[in-house]
Amino acid sequence: MTDLFAAIRDTQPPRENLGEGAVLLRDCVGTDEQALLADLRIIVKAAPFRHLVTPGGHTMSVAMTNCGRVGWVSDARGYRYDPVDPDSGKIWPSMPPSLRNLAARAASEGGYTDFAPDACLINRYKPGAKLSLHQDKDELDLGAPIVSVSLGLPATFLFGGLTRNAAQKRYRLTHGDVVVWGGPSRLAYHGVAPLPEGEHPVMGAQRINLTFRKTR
Ligand code: MD3
Ligand code: FE
């Protein structure tokens, strides 16, 4: 069978500006992929995916876990970065070099040298899961970019403006895509449309997104 995923990937430009300060690097994971996936499995064993509840009482359709010094959590008390995984009572798994180095290399290609994230939020989308429009502003250092890595099934990413009702652009993010979100784009509203059904040759029926953050 023709590798449709590879055929589509080969027609994409390697680098695309999505907005001021936001650059999409296609197929940026490269040869790190095996190590990255092996390390992800170890993290998920120690800190399994869970569906967080928003302060408003809604259970998120995206399942989440974290690695790094702190992890992003949501509950009835609000959103925060916490060194302790509330499900286990233990600290989050550390951020392995395979993840840290990929984030640093991507940030540097995006124009940010010495990116030192202390948190990596790991999102898992099964078909139907979505992420409503939001801003990421729980980080104290808004001068640092966020680096996102997409794995598995393609998703439609919604990229808005600095107000909730600004017009949105849509981008298809596929396996191996990395986006560096800095500058004015850092506080842009964004979200993910419901994930379509599908089967990815490496990741199966899911999409996993890593976001690397410098929280302090
Ligand atoms: C633009 N994740 O975890 S990644 C999130 O695909 C999040 O799971 C989405 O939004 C996902 O907060 C989108 C792309 C992304 C991440 C952070 C951003 C885009 C961003 C922060 C500011 C602007
Ligand atoms: Fe976000």
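In what follows, the structure referred to is the one given above.
Rules used in this analysis
Residues numbered from 1 in each chain as written. Chains lettered and ligands numbered in written order. Predicted model: local features only at pLDDT ≥ 70, side-chain atom pairs only at ≥ 80, totals over all residues. Heavy atoms only, no water. Buried < 20%, exposed > 50% of the residue type's maximum accessible area, 1.4 Å probe, protein only. Helix = DSSP H or I, 4+ residues; strand = E, 2+ residues; numbered from the N terminus. Pairing = 2+ DSSP bridges. Phe/Tyr/Trp six-rings, centres within 6.5 Å; stacked < 30°, edge-to-face > 60°. Lys NZ or Arg CZ within 6 Å of the ring centre and 35° of its normal. Axes fitted to C-alpha atoms, helices over the stretch in contact; angles between N-to-C directions.

## Section: the pairing of strand β2 (residues 22–25)
Part 1 of the argument: Of the two faces of β2, the one lined by A22 and L24 and the one lined by V23 and L25 are each fully buried.
Part 2 of the argument: Note that strand β1 (residues 15–19) and β2 share 4 bridges and pair antiparallel. In the sheet register, N17 faces β2, and the bridge partner there is V23.
Part 3 of the argument: Connecting β1 to the antiparallel partner β2 that follows it, the hairpin turn spans 2 residues, and G21 within it adopts a positive phi of roughly 90°.

## Brief notes about the packing of aromatic side chains
Part 1 of the argument: Inspection of every chain in the model, using the stated rule, returns 4 aromatic pairs.
Part 2 of the argument: Geometrically, the ring pair formed by W72 and Y79 is stacked, given 5.3 Å between the ring centres and 20° between the ring planes.
Part 3 of the argument: A relative accessible area of 10% places W72 in the buried class.
Part 4 of the argument: The ring of Y125 is capped by R207, whose NZ or CZ atom sits 5.0 Å from the centre of that ring.

## Details of the sheet that holds β2
Part 1 of the argument: Ordered in space as β1-β2-β11-β8-β13-β6-β3, the 7 strands form an open sheet in which the pairing is antiparallel. Lying at the two open borders of the sheet, with one neighbouring strand each, are β1 and β3 (63–68). With strand direction ignored, the average angle separating the axes of adjacent strands in the sheet is 20°.
Part 2 of the argument: Sheet topology places strand β8 (residues 146–152) next to strand β13 (residues 207–213); 6 bridges connect them, and they run antiparallel. Directly across from S148, in β13, lies its bridge partner T211.

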